[in-house]
Amino acid sequence: MIKILIIIFSLLIGIFIGFQFNVSIGIKILLSFSFGLATIIAIGIIFMLILAILTLPINKKEKCNKQSKFYRRALVFYENFLFKLFGMKIVFNGVELTKNLKQFIVVGNHRSNLDSMVIDWFFKDINLLFIAKKSLFNIPFVGKLIHASCYAKLDRENINKDLDELYRIIDIASMNDYSVGVFPEGTRTIDYDVHEFKEGSFILSSELKCPILLCALRGTYEVNRNLLFKKHTVCCDFIELIPYKKYGKMSKSEIAKYCENKIHNFLENNKNF
């Protein structure tokens, strides 16, 4: 809806300006289209400038030890803007599992950079941070927003450095009762299957000793194929809440395999939506 309103508004501005010129109707139409396109570009530039100004105080070289409520809200606003711009309709199933949750770990399959945004937007009213790859912090403006939201930065090239960062985030989550999101596949997959869950991701559950919320995501990769010119339906299914007393005596590899199989089986049985 928002992209349609932007296009209509821009075309109206273009028509208004274009028809001010004393030229032939053909030239007026061409000028109207040109000014309309220029208006769309100007709106995009203004949006980026607002983000630039908002994130100017954030220094990514400083460690984030507490999530900023202001920048968390700014991140949620940005996510919601993208969903509307991309024509995304998000369907959440199994929401009854999320009621009365305090601190938890949400574990999901990973097919797109939109995955964390979908989950984050659903839990917009709680303090949730994600274990994210280092490259996401290099995205202009967004990198600053997720830094201020206390996302963990993993570069996957230095295991010891990654472990230090993981335990740092565990300490922050423990002290502040933050919930944490993680995609244990370690990278995005585009073949509709769930790849092996890395057991290192489940250091979180062993240390935080809070419930694990399993989440299956469908349709986020398809959004990337046609961002602006097609409507998309994305499903986010919460399929099981695993209390600590159920997995507490399991090894990290056993927890990883259990979660992997649950999400894999759900996606196998729910390919159409």
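Residues numbered from 1 in each chain as written. Predicted model: local features only at pLDDT ≥ 70, side-chain atom pairs only at ≥ 80, totals over all residues. Heavy atoms only, no water.

Engineer: Honestly, the environment of histidine 232 in this entry has me stumped. Any pointers?
Structural biologist: Within the secondary structure, histidine 232 sits in strand 7 (residues 232-242). With a relative accessible area of 7%, histidine 232 lands in the buried category. Taking C-alpha positions, histidine 232 is 8.4 Å from isoleucine 90, a pair spaced 142 residues apart along the chain. (Helix = DSSP H or I, 4+ residues; strand = E, 2+ residues; numbered from the N terminus. Buried < 20%, exposed > 50% of the residue type's maximum accessible area, 1.4 Å probe, protein only.)

Engineer: Explain the pairing of strand 7 here, please?
Structural biologist: Strand residues, when the strand is regular, have side chains that alternate between the two faces of the sheet. Burial runs high along strand 7: eight of the 11 residues are buried. Where strand 1 (residues 88-93) and strand 7 come together, six bridges link them in parallel fashion. Among the inter-strand pairings, lysine 89 is bridged to a residue of strand 7, identified as threonine 233. Strand direction decides the pairing type here: strand 6 (residues 212-218) and strand 7, joined by seven bridges, are antiparallel. (Pairing = 2+ DSSP bridges.)

Engineer: Please clarify how a positive patch on the surface should be interpreted in this entry.
Structural biologist: The grouping of Lys60, Lys134, Lys153 and Lys161 at the surface amounts to a positive patch. The topology assignment puts lysine 161 in helix 6 (residues 159-176). By relative accessible area, lysine 161 is classed as partly exposed at 48%. (Patch = residues over 30% accessible without salt bridge, like charges linked within 9 Å, V, L, I, M, F, W, Y side chains within 5 Å. Areas by Shrake-Rupley, 256 points an atom, 1.4 Å probe, with all protein chains shown as cover. Salt bridge = Lys/Arg side-chain N within 4 Å of Asp/Glu carboxyl O. Lys, Arg positive; Asp, Glu negative; His and termini not counted. Charge placed at Lys NZ, Arg CZ, Asp CG, Glu CD.)

Engineer: When you look at the pattern of salt bridges in this model, what are you seeing that I'm missing?
Structural biologist: Opposite charge on two side chains allows them to pair when their charged atoms are near. This structure, assessed with the given rule, holds nine salt bridges. Across the salt bridge formed by arginine 111 and glutamate 222, the nearest N and O atoms sit 3.5 Å from each other. You can see arginine 111 sitting in the loop between strand 2 (105-108) and helix 4 (114-122) and its partner glutamate 222 sitting in helix 8 (residues 220-225), a full 111 residues away along the chain. Among the charged side chains, a network of salt bridges with common partners joins Lys63, Glu165 and Arg168.

Engineer: Would you mind showing me how to read the confidence of the model for the protein here?
Structural biologist: Should pLDDT be low for a region, the predicted coordinates there are not to be read in detail. Confidence in the prediction of the protein, expressed as mean pLDDT, is 85, and 85% of residues score 70 or more. At the level of individual helices and strands, the protein shows its lowest average pLDDT in helix 1 (residues 2-18), which scores 60, and its highest in strand 2, which scores 96. (pLDDT = per-residue confidence, 0-100.)

Engineer: How should I be thinking about the nonpolar core in this particular structure?
Structural biologist: As a rule of thumb, soluble globular proteins bury nonpolar side chains together. By size, the foremost hydrophobic cluster in this structure holds 74 residues, and its most contacted members are Met88, Val118, Ile119, Ile131, Leu204 and Ile212. Here this core gets eight residues from one element, more than from any other, and that element is helix 3 (residues 69-85). The residues contacting isoleucine 119, other than those within four sequence positions of it, are Val106, Leu128, Phe130, Phe183, Cys215, Leu217 and Cys236. (Core = buried A, V, L, I, M, F, W, Y, C linked by side-chain atoms within 4.5 Å. Contact = heavy atoms within 4.5 Å.)

Engineer: What should I look at first to understand the sheet that holds strand 5 (residues 179-182) in this one?
Structural biologist: Within a sheet, neighbouring strands are paired by backbone hydrogen bonds and run either parallel or antiparallel to one another. Within the open sheet, the seven strands sit side by side as 1-7-6-2-5-3-4. Their pairing is mixed. Each edge of the open sheet is held by one strand with a lone partner, namely strand 1 and strand 4 (152-154). Taking each pair of neighbouring strands and ignoring which way they run, the sheet shows an average axis angle of 20°. With four bridges joining them, strand 2 and strand 6 adopt parallel strand pairing. Within the sheet, the bridge partner assigned to valine 106 lies in strand 6 and is leucine 213. Where helix 4 meets the sheet, it contacts strand 1, strand 2, strand 3 (128-133), strand 6 and strand 7, and its direction lies at approximately 60° from that of strand 1. (Axes fitted to C-alpha atoms, helices over the stretch in contact; angles between N-to-C directions.)

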